[in-house]
Amino acid sequence: MEKRLLTIQDISCVGKCSTTVALPLISACGIECAVLPSSVLSNHTASGYSGWTFRDLTEDMITVMNQWLKEKIDFDAFYTGYVSKEQIPLILEIIEKTSRNGAVTIVDPVMADNGKLYAGFSSDFPQEMKKLVEKADVIMPNLTEASLLLGIEYKETYTKDEIEDIARKLNELGARNVILTGVSFDPKMLGVAVFDGLTFDYYFTEKILVSFHGTGDVFASVVAGALMTGKTLIEASTIAADIVVESIKATLGDDSHWYGVKFEKAIPALVRKINPSN
Ligand code: PXL
C-alpha cells in the first residue's frame, strides 16, 4: 500500500508556513499528505503583519477523528507542527487510534525561536509539548525549542559538546531520533545535528544572513516527506537544508516577498533530490 502521512498544524491562509508549506512539499516528495488543521489564521503571527484572526479547531479535530474511526482511515506517519496546549492529548489519541502498523510520529515542536516563545504561547506550553516529544520517533527542534523542552538556558552560541549533550538529553526524554536545527560552530556556516540515539551526524550549508519566516516549516516538511520515501535521517536532513537554502536564495532581493520564502522555486530541485535516477 502507498504510504499516507497526516500533518496536524494550523492553516495560515496567507504567509507561507505550516500546512500551506507542508502539503505542496510532501506531495512533491511523492507522498500522500492528508491534513488536520488545528486552527485557521488570516496570516502568520510573526513580525510584519499588524495582527491576525484566529479560529481554534479543537472541536472539529474531535469530530473529524470520530468520522475517520468510523471509516477506518489510518496513516503511516504523523507530522505535527503549530498546535495548542489543549490539542496535545487529542493528537496523542489520534496517533494511537489511527496508526497503521509501524507508523512513525514526526514532531516539530513549534513554539519559539531566537530565545522567545511565539506570540500566543504561554510559558507552560513547553511542558505540554514534552508529552508529544516523549512519544516521537523524530523531533526537529531549533535550539530555543530544545532549551525550553529541557528547561535550560538558551544561548547564542554552543560548543559541539553542548550540542551533543542537548541532543542526548532530548533522546533521553523519549524522542528516538533528534534533528537539532540552527546549529553553528563557524559564523559562516549553519546546519543541523542529527542524533539517532547512538551516533551523531552533521550537515552544514553556507549561512545566509537574512532570516525569513517559515523556513523551519520548509525544513520539517521536506524531512517528513523524504523520510517517508525511505531516505535516512541524515539524507532527509541534507535534502531539507539544501531546499531551505535554495528557497531563501530565490527570495532574496524581492522586498515584496518579506512574509516567507519562495519554496515553490525549489520544488523541481526537491523532486530531483528525492529521485536522483529520474
Ligand atoms: O512557522 C511556524 C508558525 C506556524 N504557524 C503560525 C505561526 C508560526 C510562527 O510564527 O505564526 C500561525
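See the structure printed just above.
The rules behind these values
Once a new chain begins, its residue numbering starts again from 1 and follows that chain's sequence as written. Only residues with pLDDT of 70 or above have their local features reported here, since the model is predicted, and side-chain atom pairs are shown and tallied only from 80 upward, although totals for entire chains, interfaces and linings are computed over all residues. The side-chain numbers reported here are obtained from all heavy atoms of the structure, hydrogens and water having been left aside. Consider each residue's heavy atoms; a residue with any of them within 4 Å of a molecule or strand counts as near. Side-chain atoms alone can form a polar contact between residues adjacent in sequence; in general such a contact is a pair of N or O atoms within 3.5 Å, and within protein one must be able to donate a hydrogen while the other accepts it. To measure how exposed things are, a 1.4 Å probe is used in the Shrake-Rupley method; for residues, cover is taken only from the protein chains shown. Under the convention adopted here, Pro, Cys and the residues Ala, Val, Leu, Ile, Met, Phe, Trp and Tyr are nonpolar, Asp, Glu, Lys and Arg are charged, and Gly plus all remaining residues are polar. Secondary structure elements are defined from DSSP: runs of H or I of at least 4 residues count as helices, runs of E of at least 2 residues count as strands, and each element is numbered from the N terminus. Exposure categories follow from relative accessible area, calculated using a 1.4 Å probe and restricted to protein chains: below 20% of the type maximum is buried, above 50% is exposed, and the middle band is partly exposed. A helix is expected to span 1.5 Å multiplied by its residue count minus one. Our arc is simply the arc of the directions from the helix axis toward the C-beta atoms. Contacts are assigned to residue pairs with any non-hydrogen atoms lying within 4.5 Å of each other. Only buried residues count toward a nonpolar core. Its members are Ala, Val, Leu, Ile, Met, Phe, Trp, Tyr and Cys residues joined through side-chain atoms within 4.5 Å. Distance thresholds for patches are 9 Å for like charges and 5 Å for nonpolar side chains (Val, Leu, Ile, Met, Phe, Trp, Tyr), applied to residues having over 30% relative accessible area and no salt bridge. The working definition used for a salt bridge is a side-chain nitrogen of Lys or Arg within 4 Å of a carboxyl oxygen of Asp or Glu. Charged-residue counts in this description rest on Lys and Arg as positive and Asp and Glu as negative, His and the chain ends being excluded. Charge placement uses NZ in Lys and CZ in Arg. For Asp and Glu, CG and CD serve respectively.

Asks: Break down the site of the ligand for me, citing the residues and quoting the values.
Replies: Taken together, Asp10, Ser12, Cys17, Ser18, Leu41, His44, Thr45, Tyr82, Val110, Tyr118, His213 and Asp217 make up the full set of residues adjacent to the ligand. A distance of 2.7 Å is found between an oxygen atom of the ligand and a side-chain nitrogen or oxygen belonging to Thr45. Separating an oxygen atom of the ligand from a side-chain N or O atom of His213 is a distance of 3.1 Å. Contact with the protein chains removes 98% of the 320 Å² of surface that the ligand exposes when unbound. A per-class count over the shell around the ligand returns 5 nonpolar, 5 polar and 2 charged.

Asks: Before we move on, can you summarise unusual backbone geometry with the specific residues and values?
Replies: Even without being glycine, Lys16 reaches a positive phi, approximately 55°. Turning to its location among the elements, Lys16 is positioned in the loop between strand 1 (4–14) and helix 1 (19–28). Relative accessible area serves as the criterion here: at 14%, Lys16 is assigned to the buried category. Here Lys72, not a glycine, exhibits a phi torsion of approximately 55°, which is positive. Overall, Lys72 belongs to the exposed group, its relative accessible area being 70%.

Asks: Give a description of helix 6 (residues 160–173) that names residues and reports values.
Replies: For helix 6, which comprises 14 residues, the first-to-last C-alpha distance of 20 Å matches the rise-based estimate of 20 Å (1.5 Å per residue) to within 8%. Turning to helix 6, its buried residues are Ile163, Glu164, Ile166, Ala167 and Leu170. Taken down its axis, helix 6 places every buried residue within 155° of arc, on the same side. Exposed positions of helix 6 whose direction lies more than 90 degrees from the buried face are Asp161 and Glu172. Structurally, helix 6 contributes buried residues whose contacts are with strand 8 (138–139), helix 5 (143–150), strand 9 (177–183), strand 10 (189–195) and strand 11 (200–206). Backbone geometry just downstream of helix 6 places Gly174 in the positive-phi region, at approximately 135°.

Asks: Can you break down the nonpolar core residue by residue, with the values?
Replies: Among the nonpolar cores identified, the biggest contains 44 residues, and Leu6, Met129, Ile139, Ile163, Leu170, Val178 and Leu180 are the most heavily contacted of them. In terms of residue count, helix 3 (residues 87–98) provides more of this core than any other element does, 5 residues in total. With residues near it in sequence (within four places) discarded, Ile163 still touches Leu143, Tyr158, Leu180, Val183, Phe185, Ala193 and Tyr202. By size, the runner-up hydrophobic cluster in this structure holds 43 residues, among which are Tyr79, Ala224, Val245 and Ile248.

Asks: Let's hear about a negative patch on the surface: which residues, and what values?
Replies: A cluster of acidic side chains, namely Asp56, Glu59, Asp60 and Glu86, defines a negative patch on the protein surface. For Glu86, the position within the fold is in the loop between strand 4 (75–80) and helix 3.

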